Amino acid sequence: MIANNPEVSLVVPCHNETENLSALFGRVRAVMEKTGKSWEMVCINDGSKDDTLEQLLALHQKDPHVVVIDLSRNFGKEAALTAGLDHARGDCAIPLDADLQDPPELIPELLAKWQEGYDVVNAVRLSRDGESWFKRASAHAFYRVINRMSDVDIPADTGDFRLLSRPVLEAIKTLPERRRFMKGLFAWVGFRATSVYYHREPRYAGKTTWNYWRLWNFAVEGVTSFSQVPLQLAAHLGLFVSVLAFLYAVYLIIGTMVYGNPVRGYPSMMVTLLFLGGVQLIALGVIGEYLGRIYEETKGRPVYLVRSTSKNSTTSETEQHDSE
């Protein structure tokens, strides 16, 4: 029988992870049994197209430690992670990737730091095996760039894998935004934090759905969520171009007064027009990113919708509800 209020909630977003679930659950159960703490594993099916949901339900029937949250469609990892944290009932929660790149064997070390009094325990990657040099380099650069641009210090080389105490979870639940960059939100709420270090493993099985285009959009999401620097850069660039245009106009006026006005300058005129047009489009694009975020927020739509929930209890229970 599962305790009504488990000490530890493991939150696992799942999207087409059928090849990893059995190994994931086996390793998690072995680790948690050694800790001696009551626990639950909250698995969120984020619109999987394979038999991930069926496997999760089978695990729930086999072991009531497993809680299955089935979303109505694919809302993306940030929304699925939010759903898991909303449904986590433990005194602390640990987000965990289903592909086993973040080793469950690190959980006791996270718990040890939590018991020392820390509210947030970040798992910092020392290496990222199984990933291309470009992805490693771009991830390394992203954290450094966003920290230079943002007032919030987002831990470098740290993914979603970390421990969050109950006060942190309750604080995150109060944040209203729909477009969510969870790594930034984890840092924004503050609280007493520390870090542990590990070597990230390759995927256990299957193929990642992340590509460079999605990673680029993820980076844009992070920057626009926690920094106004792009807007400031657009304004500064506009001012710089205006100064150059004014100086060029003075040059043309003086040249006309001294040398007359022969018919020439078509190439320079085209270059100037194209340059100014490019600057204007860049500035409009930056403004559009922020305006799009405002538009999404004003709709007030929920972050995710839950189709069904298989709860931890003496019997399986399914209920229909939505969440904001």
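This report concerns the structure included in the present document.

So, how was this worked out
Residues numbered from 1 in each chain as written. Predicted model: local features only at pLDDT ≥ 70, side-chain atom pairs only at ≥ 80, totals over all residues. Heavy atoms only, no water. Salt bridge = Lys/Arg side-chain N within 4 Å of Asp/Glu carboxyl O. Helix = DSSP H or I, 4+ residues; strand = E, 2+ residues; numbered from the N terminus. Buried < 20%, exposed > 50% of the residue type's maximum accessible area, 1.4 Å probe, protein only. Phe/Tyr/Trp six-rings, centres within 6.5 Å; stacked < 30°, edge-to-face > 60°. Lys NZ or Arg CZ within 6 Å of the ring centre and 35° of its normal. Patch = residues over 30% accessible without salt bridge, like charges linked within 9 Å, V, L, I, M, F, W, Y side chains within 5 Å. Areas by Shrake-Rupley, 256 points an atom, 1.4 Å probe, with all protein chains shown as cover. Expected span 1.5 Å × (residues − 1). Contact = heavy atoms within 4.5 Å. Core = buried A, V, L, I, M, F, W, Y, C linked by side-chain atoms within 4.5 Å. Pairing = 2+ DSSP bridges. Right-handed = clockwise from strand over helix to strand, strands pointing away. Axes fitted to C-alpha atoms, helices over the stretch in contact; angles between N-to-C directions. Parallel < 35°, antiparallel > 145°, perpendicular 65-115°, else oblique. Left-handed = near helix turned anticlockwise from the far one by under 90°. Nonpolar A, V, L, I, M, F, W, Y, C, P; charged D, E, K, R; others polar.

### Some points on the pattern of salt bridges
Point 1. One pass over the full model with this rule turns up nine salt bridges.
Point 2. The salt bridge involving Glu40 is made with Arg89; its shortest N-O contact spans 3.2 Å. Taken as a pair, Glu40 in strand β2 (residues 39–45) and Arg89 in the loop between α3 (77–87) and β4 (92–95) lie far apart in primary sequence, 49 residues in all.
Point 3. For Arg89, a relative accessible area of 31% corresponds to the partly exposed category.
Point 4. Linking Glu170 and Arg166 is a salt bridge whose minimum nitrogen-to-oxygen distance equals 2.8 Å. Remark: Arg166 and Glu170 occur in helix α6 (residues 166–173); sequence separation between them is four residues, near one turn of the helix.

### Comments concerning the packing of aromatic side chains
Remark: the centre distance and the inter-plane angle together describe each pair of aromatic rings, the angle taken between the planes.
Point 1. A full pass over the atoms with the stated rule returns one aromatic pair.
Point 2. Ring plane angle 90 degrees and centroid distance 5.7 Å describe the contact between Phe161 and Tyr198, whose orientation is recorded as edge-to-face. Note that Phe161 is positioned in strand β6 (residues 158–165) and Tyr198 in strand β7 (residues 193–200), a separation of 37 residues in sequence.
Point 3. The positively charged end of Arg73 is found above the aromatic ring belonging to Phe75, 3.9 Å away from the centroid.
Point 4. For Arg192, the ring lying beneath its charged end belongs to Tyr118, and the centroid distance is 4.2 Å.

### Structural notes on a nonpolar patch on the surface
Point 1. The grouping of Leu281, Leu284, Ile287, Leu291 and Ile294 at the surface amounts to a nonpolar patch, some 530 Å² of accessible area in total.
Point 2. Mapping Leu291 onto the fold places it in helix α10 (residues 266–299).

### Structural notes on helix α1 (residues 21–35)
Point 1. Over its 15 residues, α1 runs 21 Å from end to end, which matches the ideal 21 Å to within 8%, given 1.5 Å per residue.
Point 2. Within the sequence span of α1, burial applies to Leu21, Ala23, Leu24, Phe25, Val28, Val31 and Met32.
Point 3. Tucked inside the fold, the buried residues of α1 contact β1 (8–14), β2, α2 (52–62), β3 (66–71) and α4 (107–115).
Point 4. In the segment just after α1, Gly36 is the residue with positive phi, at about 75 degrees.

### Regarding the nonpolar core
Point 1. Judged by nonpolar contacts, the single largest core of 36 residues is most densely connected at Leu10, Met41 and Ile94.
Point 2. By residue number, the principal contributor to this core is α1, which donates seven residues.
Point 3. When neighbours within four sequence positions are excluded, Met41 is seen to be in contact with Leu10, Val12, Phe25, Val28, His65, Val66 and Val67.
Point 4. Core analysis: the next-biggest nonpolar cluster, separate from the first, contains 28 residues, Ile69, Phe75, Met182 and Tyr304 among them.

### Some remarks on the pairing of β3
Point 1. Counting buried residues along β3, six of its six residues qualify, which places the element largely inside the surrounding structure.
Point 2. Of the two faces of β3, the one holding Val66, Val68 and Asp70 and the one holding Val67, Ile69 and Leu71 are both buried throughout.
Point 3. Where β2 lies against β3, five bridges are found, and the strand directions are parallel. By the bridge assignment for β3, Cys43 is matched with Val68.
Point 4. For the handedness criterion, the β-α-β arrangement of β2, α2 and β3 is classed as right-handed.
Point 5. Here β3 pairs with strand β8 (residues 304–310) via four bridges, running antiparallel.

### Brief notes about α3
Point 1. With respect to burial, α3 is a largely interior element, nine of its eleven residues being buried.
Point 2. For α3, the full list of buried residues reads Glu78, Ala79, Ala80, Leu81, Thr82, Ala83, Gly84, Leu85 and His87.

### Thoughts on unusual backbone geometry
Point 1. Residue Asn16 is not a glycine yet carries a positive backbone phi of 55 degrees.
Point 2. Turning to its location among the elements, Asn16 is positioned in the loop between β1 and α1.
Point 3. Given a relative accessible area of 29%, Asn16 falls into the partly exposed group.
Point 4. Although it is not a glycine, Leu100 sits at a positive phi angle of roughly 65 degrees.

### A word on the packing of α1 against α2
Point 1. Where α1 meets α2, the axes come as close as 10 Å, and the angle between the chain directions of the two elements is 30 degrees. Put simply, α1 runs roughly parallel to α2. Once α1 is placed against α2, the crossing between them reads as right-handed. Contact residues: Leu21, Phe25 and Arg29 in α1; Thr52, Gln55, Leu56, Leu59 and Lys62 in α2.
Point 2. When grouped by side-chain class, the residues that make up the contact of α1 with α2 number four nonpolar, two polar and two charged.

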